[in-house]
Amino acid sequence: MVRRVAVVGAGSSGLACVKVCLEEGLDPVCFESSDDIGGLWKFKESPEPDRSSIYRSLVVNTSKEMMCFSDFPMPDDYPNYMHNSQLLQYFRLYAAHFHLLQHIRFQTTVRSVTQRPDFSVSGQWDIVTMNKNNEEERHIFDAVLVCSGHYTHPVLPLSDFLGHETFLGRLLHSREYRDADSFRGERVVVVGFGNSGGDVAVEISRSAEKTFLSVRDGFWVMSRMAHRGLPVDMTLISRFNILLLQLLPKTLINWAAERALNQKHDHELYGLKPRHRLLDKRPLVNDDLPGRILQGALVMKPNIRAFKDSGVTFEDGTVEDNIDSVVFCTGYKGIFPFLPSALSEGPHSELTLYKRVFPPSLQQPTLAVMGFFQVRGPIMPIVEMQVRWAVKVFSGLTRLPSTQKMLEPSFSHSNFPNPQQAVLQVDFIQYLDFMAEEIGVKPHLWRLLLTDPVLWAKIFFGPCTPYQYRLTGPGQWAGARQAILTQWERVAKPFRSRALPEPEVRRSFPCSPWLTACAGTMVMALLLSHKIVPLVQRATQMLSRSKSFLGDLWFTD
């Protein structure tokens, strides 16, 4: 029976793991190599070996209501897209609220995780750690949750470019980047076009003499803001939109969405247009990149062909001389050196995982990897659901399919040219719903439609916020319904920093929802009866019900 669980890492994933284990009556022990929580989101002036790293100005690209833990909304005065320091503060509030710190062993590094000799029967693991005094310690655990992340081993593809050995400027990976101060007055090339590449290029362009962004292919660029300045993920990630994606031709949706993005800035004109369609890959989220191109501070270039002494030659034959620095935003290797090498049995020696969580080759499903995926949407709610599912599997309350079934391909994203990237992709709502159904917490939409139509409308037409998965089943949270009904109020709160005079509202008869509801009820009552008293009674009853329904459902901010 699983009782003692090792958690590797005390970032956002590790904190969720400790909290869920405690909820399920397990005994978690979290090993954290640094002296603080936060993992990736803990900014440090200098990068540390084998640890994630961020730059000083990093702002999240998913909004607070979408990315929060499912039973712990972020403070309503937090900005919708926050600086990394505020997200770290949220983790501190979460850890304090659920009393998690006492279960974390800081400055303790996990060196190895290996199966015990009787693993086929016990499912237990031998874990070797090193404490801050460089003393080795050995432990036995019933199960392991790996939360060390996959942004620790950077990919620096210098061997792909001729002449890099004799280049006189700086060559560095974005992992080493902290801020743009050291690039002031320089001519800089940024290589790579993920979200980090876009952020770093924009920031450097504010200090450098000239900045070039070198990309193998383009990207569809979208802002954090949707219509009316609302968070874009809250307007796009909904069950209703998923239904539209299933019903409408993909070509039509691509055409309409790409046209909308091109109305803001013509991707072809700006040198941003990719070969792929919008729905084929994750878009780049950046509010400022098109503006920096418009101002000439940032220049789009194709991929680098070769380096020369103080310059760079691009694949289109153009040359830029007097380049001082080249920053590679070229991603990371997803490796876990402390795990048994036998688990990395993919065609490129990558970790093979069933539904991006469980190694299918294990005789006992007592090890799970958290957060090793990529998604169009927030990561934290998915990781939280992963651990809720994993703990149920550890406890034997949910069973995995056969090894053969687990090895079958799933969540296929064939549009990615790199198969190692393609296997990491998951679909936000579909993936959450799969795991939620496994543990009995998926929202019952038909039941809600009949019993709580206001809540049903919020869940179906509104954003798929994490609270939906706390409405029912194991881990049910009494505040989930209220959190859903008030989510737009928390979105609006940080904007209300200046009192504004109330505008005089003058609505014509057709524009007033209450008069429209009244007229509708009167018409319905007239159809039901010709007598005045029954008419008034029925109209009053229907108006009361309509007003209650419309009052809850009407969009407020």
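No experiment lies behind these values; they were computed from the predicted model shown. Residue numbering note: each chain is counted from 1, following its sequence as written. Reporting in this predicted model follows two pLDDT cut-offs: at least 70 for local features of residues, and 80 or more for side-chain atom pairs to be given and counted; totals over whole chains, interfaces and linings ignore these cut-offs and use all residues. Only hydrogens and water are set aside; all other atoms, that is, all heavy atoms of the structure, feed into the side-chain values.

## Looking at the confidence of the model for the chain
The predictor's confidence in any single residue is recorded as pLDDT, a number from 0 to 100. For the chain, per-residue confidence averages 90 on the pLDDT scale, and residues scoring 70 or more make up 88% of the total. The low-confidence segment residues 508–517, where pLDDT is below 50, has 14 contacts with residues more than four positions distant or belonging to other chains. For residues 523–536, every residue scores under 50 in pLDDT, and the model assigns this stretch 8 contacts once sequence neighbours within four places are set aside. Any pair of residues with heavy atoms lying within 4.5 Å of one another is described as a contacting pair.

## Concerning the packing of helix α7 (residues 239–247) against helix α15 (residues 453–461)
Orientation of α7 relative to α15, taken along the N-to-C sense of each, is 55°, at an axis distance of 5 Å. In terms of their interaxial angle, α7 and α15 are classed as oblique. Seen from α7, the contacting residues are Arg-239, Phe-240 and Leu-243; seen from α15, they are Ile-459, Phe-460 and Phe-461. Put simply, Ala, Val, Leu, Ile, Met, Phe, Trp, Tyr, Cys and Pro go in the nonpolar bin, Asp, Glu, Lys and Arg in the charged bin, and everything else, Gly too, in the polar bin. Across the contact of α7 with α15, the residue classes tally to 5 nonpolar, no polar and 1 charged. Note on geometry: axes are lines fitted to C-alpha atoms, helical ones only across the stretch in contact, with angles between N-to-C directions running from 0 to 180 degrees. Secondary structure counts use DSSP, requiring at least four H or I residues in a row for a helix and at least two E residues in a row for a strand, with both numbered from the N terminus. Angular relationships are summarised with four words: roughly parallel below 35 degrees, roughly antiparallel beyond 145, roughly perpendicular across 65 to 115, and oblique for the angles in between.

## A closer look at the environment of Val-326
Within the secondary structure, Val-326 is located in strand β18 (residues 325–328). Only protein chains enter the calculation, and the probe is 1.4 Å; a residue is then buried if its accessible area is under 20% of its type maximum, exposed if over 50%, and partly exposed in between. A relative accessible area of 0% means that Val-326 is categorised as buried. A C-alpha to C-alpha distance of 9.4 Å links Val-326 and Phe-212, two positions 114 residues apart in sequence.

## Quick word on the pairing of strand β2 (residues 27–31)
Burial of β2 is extensive: 4 of the 5 residues sit out of reach of the surface. As a crossover connection, the stretch from strand β1 (residues 4–8) through helix α1 (residues 12–23) into β2 is right-handed. Crossovers are marked right-handed if the path from the first strand over the helix to the second runs clockwise, as seen with the strands pointing away from the viewer.

## Overview of the pattern of salt bridges
Salt bridges are identified by distance alone: a Lys or Arg side-chain nitrogen within 4 Å of an Asp or Glu carboxyl oxygen. A full pass over the atoms with the stated rule returns 29 salt bridges. A salt bridge links Glu-23 to Lys-19, with the shortest nitrogen-to-oxygen separation between them at 2.6 Å. A residue pair is termed a helical-turn pair when its members lie 3 or 4 positions apart in one helix, as Glu-23 and Lys-19 do in helix α1 at 4 residues. According to the relative accessible area criterion, Lys-19 is buried, its value standing at 2%. Between Arg-470 and Glu-384 there is a salt bridge, with its nearest N and O atoms 3.3 Å apart. On the criterion of sequence distance, the pair formed by Arg-470 in the loop between α15 and α16 (480–485) and Glu-384 in helix α10 (residues 380–394) is long-range, its members being 86 residues apart. The residues Arg-470 and Glu-384 share a single accessibility class, namely buried.

## Some points on the nonpolar core
Counting 116 residues, the largest nonpolar core has Tyr-90, Phe-91, Leu-145, Ile-204 and Met-370 as the members making the most contacts within it. In terms of residues, this core owes the most to one element, α10, which gives 10 residues. What counts as a domain boundary in this text is fixed by an automatic or database domain assignment. Split by domain, the residues of this core number at least three in each of domain 1 (4–151 + 334–491) and domain 2 (156–330). If we ignore the near neighbours within four places in the chain, the residues touching Tyr-90 are Cys-68, Phe-69, Phe-72, Pro-73, Met-74, Pro-75, Tyr-78 and Met-380. Note on terminology: a nonpolar core comprises buried Ala, Val, Leu, Ile, Met, Phe, Trp, Tyr and Cys residues joined through side-chain atoms within 4.5 Å. Core analysis: the next-biggest nonpolar cluster, separate from the first, contains 23 residues, Val-29, Trp-125, Phe-336 and Leu-353 among them.

## Focus: empty space enclosed by the protein
Two kinds of site are reported from a 1 Å grid over the protein atoms alone, namely cavities, where a 1.4 Å probe fits but cannot get out, and pockets, open sets with protein on both sides within 12 Å along at least five of seven lines, and residues are called lining when an atom falls within 4 Å of a point. Grid points are joined across faces, edges and corners, and a volume is the space filled by probe spheres set on the points. Tallying each qualifying case throughout the model produces 4 cavities of 30 Å³ or more. Estimates place the volume of the largest cavity at around 80 Å³. If you go around the largest cavity, the residues you meet are Gly-39, Lys-42, Lys-44, Ser-46, Pro-47, Glu-48, Arg-51, Ser-52, Ser-53, Ile-54 and Arg-178. In terms of residue class, the lining of the largest cavity is built from 2 nonpolar, 4 polar and 5 charged. Forming the boundary of the second largest cavity are Val-20, Glu-23, Glu-24, Arg-388, Lys-392, Ile-439, Arg-470, Pro-474 and Gly-475. The residue makeup of the lining of the second largest cavity, split by class, is 3 nonpolar, 1 polar and 5 charged.

## Brief notes about the sheet that holds strand β20 (residues 367–369)
Strand pairing follows a simple DSSP-based rule, namely that at least 2 bridges must link the two strands. Here 5 strands make up an open sheet; going across it, the order is β3-β2-β1-β7-β20 and the pairing parallel. Each edge of the open sheet is held by one strand with a lone partner, namely β3 (104–105) and β20. As paired elements, β2 and β3 share 2 bridges and run parallel to each other. Residue pairing in the sheet places Phe-31 in a bridge with Arg-105 of β3.

## Observations regarding unusual backbone geometry
Phi is positive for Asp-50, close to 60°, though the residue is something other than glycine. By the element assignment, Asp-50 lies in the loop between β2 and α2 (64–67). Looking at Asp-50, the relative accessible area reads 57%, which means it is exposed. Backbone geometry at Lys-355 places phi at a positive 50°, although glycine is not the residue there. With respect to the helices and strands, Lys-355 occurs in the loop between β19 (332–333) and β20.

## What to know about helix α13 (residues 428–439)
Between its first and last C-alpha atoms α13 spans 17 Å; for 12 residues at 1.5 Å apiece the expected length is 16 Å, and the two agree. For α13, the set of buried residues is Phe-428, Ile-429, Tyr-431, Leu-432, Asp-433, Met-435, Ala-436 and Ile-439. Of the residues trailing α13, Gly-440 is marked for its positive phi of about 80°. Expected span of a helix: the number of residues minus one, times 1.5 Å.

## Quick word on the packing of aromatic side chains
When the centres of two rings from Phe, Tyr and Trp lie within 6.5 Å, Trp using its six-membered ring, the rings pair. Their planes under 30 degrees apart give stacked, over 60 give edge-to-face, and anything left gives tilted. With the rule as written, the count across this model stands at 29 aromatic pairs. Arranged with centres 5.9 Å apart and planes meeting at 20°, the rings of Phe-69 and Tyr-90 form a pair that is stacked. Separated by 21 residues along the polypeptide, Phe-69 in the loop between α2 and α3 (84–97) and Tyr-90 in helix α3 bring together distant segments of the chain. Residue classification places Phe-69 among the buried positions, given a relative accessible area of 1%. Given the relative accessible area of 0%, Tyr-90 is considered buried.

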